[in-house]
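Architecture at a glance
Each chain, letter by letter, is given below.
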Amino acid sequence: MKDSEIAISQITLMKQKLHAARSALDDINKDRNDKLKTLIQFIGHLSLACKGQNLELDNKLAKLRHHLHGYEQIDEALPELVDIERILKGQYNHTMTQLEESRMGLSRVIRQIQRVNSAPEKVKKEINYFKKDLAKPFHTVWEYIPKVEKLIGFYEEILQQQFTSADDYDILPQHIQLARELAVKISEIEFRKDQRDQILVMKEVLLGEISLNTLLESYQTILSLLLDNIAREKSASQDFLYALNDALTVVRDVVNSSHNNNERSQQLKLQLNKEINLRVDNAGGIITDVEDILALKTQLTVQLSSLRDALTRKEALESREQTLLRKSIESMRKELNSITQEANCYKEKLFEHQKLNLLDPLTQLANRTALEDRMDQEYRNHIRFKTPLWIAVTDIDHFKSVNDNFGHSTGDKTLQVIAMALKNSLRDSEFVARYGGEEFVLLLPDITQDHISTLLNRVREKVKNIPFKFKNQRITVTLSIGAAQVMDNETMEEAFERADAALYKAKNNGRDRVVIDM
Ligand SMILES: Nc1nc2c(ncn2[C@@H]2O[C@H](COP(=O)(O)OP(=O)(O)OP(=O)(O)O)[C@@H](O)[C@H]2O)c(=O)[nH]1
């Protein structure tokens, strides 16, 4: 073989080897690229899976994903992969600790739920199983979440049971207290006649064995009745104003029409006066001009007849005027009468209301508002005329026991009888008001220090001697009284405070006594 042929065959061989080496290199490159691609994909998925659990891990994975696109060899990523592996291990430990803590938390909650006595039996059993189940540790968050859901389910069932049995809520002492207070309050409010029976029934209910629902319904009914009364009151005032307005419109029309009539009559009268004057002038002229007495007589007769005619018309006009005037006065009087009646009715109603606003409906004594007015009045007199003024506060002793032992309506009657006794034991110039509950206030002007004790003890004795008989049992009801004289430079309120403190002393010193603050 020639040298040249040998060389050609060697070159061909080398070419073939080179080609083989290039394609092997291409394969390696392709393989490396595929692996890098897979790694990038894997890191991408890992990032998604771990996202939000650990900020450092999120950042490292993001950086690695970014770097991998530039790396020639996977080896270049090794340091970062080691770092990520370390963080992943830490994260796993952290998650496990957290899961354990959450498991303990669930066990604590379950123990609390077990204390709910009203939980249905079925739920109680399930809770027991669940508690045993909770003894095993969790390995993943996915085991934890269904447990939480189950726990919420228990809560739901227990709450549902509570809601469906809400109607059977026990009535608590404070509810009973509210019912009693409402009963007292409605006795103090003046209701319309047609509402009174309903109120009486409600009072009985409130003072008896009451359920929470009935109590709420009572509050609602009373509110509606009161709102209804307010609305009626408003519409009564409105009716009165409308009636007043109608009457004024009628009066205005009458005045207008009589004014117009008047103007027309005035013009007619002017015309008639002119005519009459003309006739008189004419008659005058005839008298001076005519010499023939017969002709004069004839002419004068004509003139006088025209004059009589004009005068008759004037008379008729004036009489029509009179009639119209009488009519309009009559219709105005009618309107005024009806509006006066209406106003009187309204005044009476207002007066009744004012009176009711100042009276305590149960005892018919003056109420607290009336007391305040009277205190102002008495205080002014005391300052002006320098007369002595006493204020006494009195409270029935152990009144609660009357209610408790004999019922609230007996309590009410007792209050009425004592109120009457108090009123009857005072002079006209003296004043007593129901201050609230079983407490009364007396204003006593013109009483000297020597007499106050005698007066108040007489009042106390009078009440003590009332022969109360409840359920065939003779009961003595007593009063404690505290009193104070309004001193120079002292306000009524200050004197009241002293009287109230004296009452407190009377109670503390054994009740059924009068204590005067000196
Ligand atoms: N029947 C009835 N009872 C009322 C009225 N207003 C208040 N009461 C009752 O009066 C009682 C007042 O009781 P307490 O304040 O404890 O006083 P008390 O039993 O009189 O005892 P002392 O004042 O300490 O002697 C409560 O039971 C109230 O319900 C009412 O209008 N009618």
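The shown structure was predicted, so the numbers you read here are calculated from the model rather than taken from an experiment. (Residues numbered from 1 in each chain as written. Predicted model: local features only at pLDDT ≥ 70, side-chain atom pairs only at ≥ 80, totals over all residues.)

Before going further, it helps to spend a moment on the overall build of the protein chain. The helix and strand tally for the protein chain stands at 14 helices and seven strands. Split into buried and exposed, the 518 residues of the protein chain put 15% on the buried side. For the protein chain, contacts bridging at least 24 residues in sequence account for 65% of all contacts bridging at least 6. (Helix = DSSP H or I, 4+ residues; strand = E, 2+ residues; numbered from the N terminus. Buried ≥ 20, exposed ≤ 12 C-beta atoms within 10 Å, placed from the backbone. Contact = placed C-beta atoms within 7 Å.)

In sheet architecture, strand pairing relies on hydrogen bonds along the backbone and comes in two forms, parallel and antiparallel. With mixed pairing, the five strands of this open sheet are ordered in space as 2-3-1-6-7. Two strands close off the open sheet at either side, each with one partner strand: strand 2 (431–436) and strand 7 (514–517). Averaged over all neighbouring strand pairs, the angle between strand axes comes to 20 degrees, with direction disregarded. Examined bridge by bridge, strand 6 (residues 479–485) and strand 7 share four bridges and lie parallel to one another. Paired with Ala484 across the bridge in strand 7 is Asp517. (Pairing = 2+ DSSP bridges. Axes fitted to C-alpha atoms, helices over the stretch in contact; angles between N-to-C directions.)

Moving on, we come to the pairing of strand 6. Burial analysis of strand 6 places seven of its seven residues in the buried class, which makes it a mostly covered element. Along strand 6, one buried face is formed by Leu479, Ile481, Ala483 and Gln485 and the opposite face, lined by Ser480, Gly482 and Ala484, is buried too. Looking at chain direction, strand 1 (residues 389–396) and strand 6 are connected through seven bridges and run antiparallel. Bridging from a neighbouring strand, Ala392 pairs with Ala483 of strand 6. Handedness of the crossover joining strand 6 and strand 7 through helix 14 (residues 492–508) is recorded here as left-handed. (Right-handed = clockwise from strand over helix to strand, strands pointing away.)

Next up on the list: the site of the ligand. Taken together, 19 residues lie around the ligand, and Asp397, Phe399, Lys400, Gly411 and Gly437 are the ones closest in. Mapped by element, the contributors of at least two residues to the shell around the ligand are helix 6 (173–188), strand 1, helix 11 (399–406) and helix 12 (408–424). Examining the composition of the shell around the ligand, we find that four residues originate from one element, helix 12, more than from any other. Residue composition of the shell around the ligand, grouped by class: five nonpolar, six polar and eight charged. Each of domain 3 (173–232) and domain 5 (368–517) accounts for three or more of the residues forming the shell around the ligand. (Near = placed C-beta within 6 Å. Nonpolar A, V, L, I, M, F, W, Y, C, P; charged D, E, K, R; others polar. Domains from an automatic or database assignment.)

Contact pair helix 2 (residues 55–68) / helix 3 (residues 78–114): the axes reach a minimum separation of 10 Å and the direction vectors enclose 155 degrees. The orientation of helix 2 relative to helix 3 falls into the category roughly antiparallel. The crossing of helix 2 and helix 3 is left-handed. Along its contact with helix 2, which presents Glu56, Leu57, Lys60, Leu61, Leu64 and His67, the element helix 3 presents Glu80, Asp83, Ile84, Ile87, Leu88 and Gln91. Its residues assigned to classes, the contact of helix 2 with helix 3 comprises six nonpolar, two polar and four charged. (Parallel < 35°, antiparallel > 145°, perpendicular 65-115°, else oblique. Left-handed = near helix turned anticlockwise from the far one by under 90°.)

Looking now at unusual backbone geometry. Across the chain, the bulk of peptide bonds are trans and the bulk of non-glycine residues have phi less than zero. Phi is positive for Lys471, which is not a glycine, with a value near 45 degrees. Within the element layout of this structure, Lys471 appears in the loop between strand 4 (468–470) and strand 5 (473–475). On the basis of neighbour counts, which here come to 9 C-beta atoms within 10 Å, the residue Lys471 falls in the exposed class. With a phi close to 45 degrees, Asp512 is a non-glycine residue in the positive phi region. Position of Asp512 among the secondary structure elements: in the loop between helix 14 and strand 7. Residue classification places Asp512 among the partly exposed residues on the basis of 19 C-beta atoms within 10 Å.

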